[in-house]
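# Examining the three-dimensional arrangement
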Amino acid sequence: MTATSAGQEPTISWTLTWATARRVLAQLRHDPRTIAMMLAVPALLMILLRYVLDNPLALDRFAPEFIGIFPFVVMFIVAAITTQRERARGTLERLMAMPLAKLDLVVGYAIAFGSVACVQVGVVLAISLTWLGVQLPGSVVPLAVVSVLDALLGMSLGLFASAFARTEFQAVQFMPAFVLPQALLCGIVVARDHMTDVLRWLSDVLPMSYAVDAMQQIAAGASWSGLVIKDIGVILGFTAAALIGGALTLRRRTA
Amino acid sequence: MLDELSFALASCQVTGLLGPSGCGKTTLMRTLVGVQVVTAGRVELLGLPAGDPRLRRRVGYATQDPSVYTDLTLAENLRYFGTVLGLTRPRLAETITQLVAELDLGGLEDRLIGTFSGGQLARTGLAVALLGKPDLLVLDEPTVGLDPVLRRDLWAMFHRLAAGGTALLVSSHVMDEAARCDYLLFMREGRFLASATPQALLAGTGAADLESAFLDLATRDQAVR
């Protein structure tokens, strides 16, 4: 089919994007246990971290990093599985035969999971700052903003990764395959400055490094410093790239 | 693999695509709808290349699997797909009410699709395909596994739709459904054995029923090759 004979691909429509977001949220609503887990798991992990460290100073230092990572991981896996299911159950093929733009679907997912991420981060922050007594050197706002952006980053990477999974089993395997190496290299286990050059370079191209770096800056009292803004820019860039990549991997035609 | 298939789908007609499992019926239908990768050849329908974005509102497609969200209710599924097809509030609700009644799905609107029986699932898939009031309706084995009464009702509905101006292409591997079509495409191993009205096929082969006519044509085809 040549470009001249083909009609225009539909462009993103607010109505269809919104309808998709509402549909994804309705799916979640029918699955209360998943919602409960999405909201509770990051918070429970923070409580666990509090008792594992059992040291208020250490907790103040490490809590922000983990507040950034737990929602990232949860969102990655939820998005990867949801998108994989959409492919496996034929609903994606049905939608691709309808006047829906690929970006309607991808952005609809981002809106739906983004709003879940806001609640998720709200719960983690509320528990951490009150019950667990985490002390922040500055305002809570940068921490909350970066946490939600981290969750969105995890979601968009999960959405993108699902394109390479043929089965739900494979999609689940992407969690250890994509996320754990990033966790090892992001500066939580060993400071990035202490890594060998090769590992440091690897760390530089992985999105989670910037999520954790931003949190480390915030924990050190940097609030909206230039470094934090730069990290936020990189996180947004990775998110946008993964969403566009996710849209590009949706195929109208399959063999 | 499909070989040199060319055929006309008339509006106001139910065209049956019949042949054994694995003969290429689904591939042909997916090609028409524009979701199949076409490696060579040209496919056109309603004057446009298959898969053209302008066709996505005009062609309705129901796959063998219902391809709906099992974790949503019937009403939520129909509302979502209806919105994607461009229906807006008052017309959307009207269309859904009408389809639910026509497909005998009344009372199930607020139930999760995951709890539906096979027959209810098949009718749900059909309802989604009908939402956009398409000019061409491509239905892949829509009556498989349904009870005889429902099958009769569905065929009556197909003819009602055809009378309203829709062109229908309905596939089946059950020969007793062939007699219900206005026009038949007999398919085997990626090729058409025949394309004609049921009456013409019977007259041409001298067979007593369409099953024998198919066997007759298949045997002759094998002898030639």
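Please read these numbers as outputs of a predicted model, since none were measured by experiment.

### With respect to the overall build of chain B
Counting its regular elements, chain B contains seven helices and eight strands. Over its C-alpha atoms chain B spans a radius of gyration of 18 Å, differing by no more than 12% from the 17 Å that the globule rule assigns to 225 residues. Counting only C-alpha atoms, chain B reaches 55 × 40 × 30 Å along its principal axes. Counting over 225 residues, chain B shows a buried share of 43%. Counting only contacts in chain B whose residues sit at least 6 apart along the sequence, the fraction spanning at least 24 positions is 68%.

### Regarding the sheet that holds strand β6 (residues 167–172) of chain B
Residue and element names in this part refer to chain B. Spatially, β4-β5-β6-β1-β7-β8 is the arrangement adopted by the six strands of the open sheet, whose pairing is mixed. Two strands in the sheet have a free side with no partner beyond their single neighbour: β4 (59–62) and β8 (191–196). With strand direction ignored, the average angle separating the axes of adjacent strands in the sheet is 15 degrees.

### A few points about helix α9 (residues 207–219) of chain A
Residues and elements named next belong to chain A. Spanning 13 residues, α9 covers 19 Å between terminal C-alpha atoms, matching the ideal 18 Å at 1.5 Å per step. With 13 of 13 residues buried, α9 is to be regarded as a mostly interior element. Among the residues trailing α9, Gly-221 stands out with phi positive, at a value near 95 degrees.

### Digging into the interface of chain B and chain A
Taken residue by residue, the interface counts 27 residues in chain B and 30 residues in chain A. Among the elements that make up the side of chain B that touches chain A, the one with the highest residue count is helix α2 (residues 74–84) of chain B (four residues). In terms of residue class, the side of chain B that touches chain A is made up of 13 nonpolar, seven polar and seven charged.

### Notes on the pairing of β4(B)
Residue and element names in this part refer to chain B. The alternating pattern of β4 places Val-59 and Tyr-61 and Gly-60 and Ala-62 on opposite faces, both of which are buried. Looking at chain direction, β4 and strand β5 (residues 136–139) are connected through four bridges and run parallel. Note on β5: the bridge partner recorded for Tyr-61 is Val-138.

### As for the domain arrangement of chain B
Residues and elements named next belong to chain B. Once the domains are mapped, chain B shows domain 1 (1–58 + 136–225) and domain 2 (67–133). Summarising the inter-unit geometry, the C-alpha centres of domain 1 and domain 2 are found 25 Å apart. Counting only elements with at least two residues in the side of domain 1 that touches domain 2, the list comes to β5 and α5 (148–163). Of the residues in the side of domain 1 that touches domain 2, the class split is six nonpolar, one polar and two charged.

### Re the environment of Leu153(A)
Residue and element names in this part refer to chain A. As for its position among the elements, Leu-153 is in helix α6 (residues 141–161). Among the residues examined, Leu-153 registers 29 C-beta atoms within 10 Å and is labelled buried. The sequence separation of Leu-153 and Ser-203 amounts to 50 residues, and the corresponding C-alpha distance is 16 Å. With residues near it in sequence (within four places) discarded, Leu-153 still touches Phe-72, Pro-207, Ala-211, Ile-235, Phe-238 and Thr-239.

### Focus: helix α1 (residues 25–33) of chain B
All names here are of chain B. Most of α1 is tucked away: seven of the nine residues are buried. All of the buried residues in α1 are Lys-25, Leu-28, Met-29, Arg-30, Thr-31, Leu-32 and Val-33. Contacts made by the buried residues of α1 are with β1 (14–18), β2 (44–45), β4, β5, β6 and β7 (183–188). Looking one or two residues past α1, Gly-34 carries a phi angle of roughly 90 degrees, positive in sign.

### Some points on the nonpolar core
Counting residues in hydrophobic clusters, the biggest one holds 139 residues, and the most contacted among them are Met75(A), Phe76(A) and Leu168(B). The element best represented in this core is helix α3 (residues 56–88) of chain A, accounting for 16 residues. Taken domain by domain, this core gets at least three of its residues from each of domain 1 (1–58 + 136–225) and domain 2 (67–133) of chain B. When near neighbours in sequence (up to four residues on either side) are disregarded, Met75(A) contacts Phe113(A), Ala117(A), Ala151(A), Gly154(A), Met155(A) and Gly158(A).

### A few points about unusual backbone geometry
All names here are of chain B. Positioned with a positive phi, Asp-104 is a non-glycine residue whose angle comes to about 60 degrees. Tracing the sequence through the fold places Asp-104 in the loop between α3 (89–102) and α4 (118–130). With 16 C-beta atoms packed within 10 Å, Asp-104 lands in the partly exposed category. One non-glycine residue with positive phi stands out, namely Glu-189, at about 50 degrees. Counting through the fold element by element, Glu-189 comes out in the loop between β7 and β8. Since 17 C-beta atoms lie within 10 Å of it, Glu-189 is described here as partly exposed.

### Brief notes about the environment of Val84(B)
Secondary-structure assignment places Val84(B) in helix α2. Residues Val84(B) and Gly132(B), 48 residues apart in the sequence, show an inter-C-alpha distance of 9.4 Å. Contact partners of Val84(B), with chain neighbours within four places excluded, come to Leu16(A), Ala19(A), Leu95(A), Met98(A), Pro99(A) and Leu100(A).

### Some remarks on the confidence of the model for chain B
Residue and element names in this part refer to chain B. Counting all residues, the mean pLDDT for chain B is 88, and 98% of those residues have values of 70 or more. Of all helices and strands in chain B, the one with the weakest mean pLDDT is β2 (78), whereas α2 scores best (97). What the predictor reports for the complex is a pTM of 0.88 with an ipTM of 0.88.

So, how was this worked out
Residues numbered from 1 in each chain as written. Chains lettered and ligands numbered in written order. Predicted model: local features only at pLDDT ≥ 70, side-chain atom pairs only at ≥ 80, totals over all residues. Helix = DSSP H or I, 4+ residues; strand = E, 2+ residues; numbered from the N terminus. Rg over C-alpha atoms; globule rule 2.2 N^0.38 Å. Buried ≥ 20, exposed ≤ 12 C-beta atoms within 10 Å, placed from the backbone. Contact = placed C-beta atoms within 7 Å. Pairing = 2+ DSSP bridges. Axes fitted to C-alpha atoms, helices over the stretch in contact; angles between N-to-C directions. Expected span 1.5 Å × (residues − 1). Nonpolar A, V, L, I, M, F, W, Y, C, P; charged D, E, K, R; others polar. Domains from an automatic or database assignment. Core = buried A, V, L, I, M, F, W, Y, C linked by C-beta atoms within 7 Å. pLDDT = per-residue confidence, 0-100.

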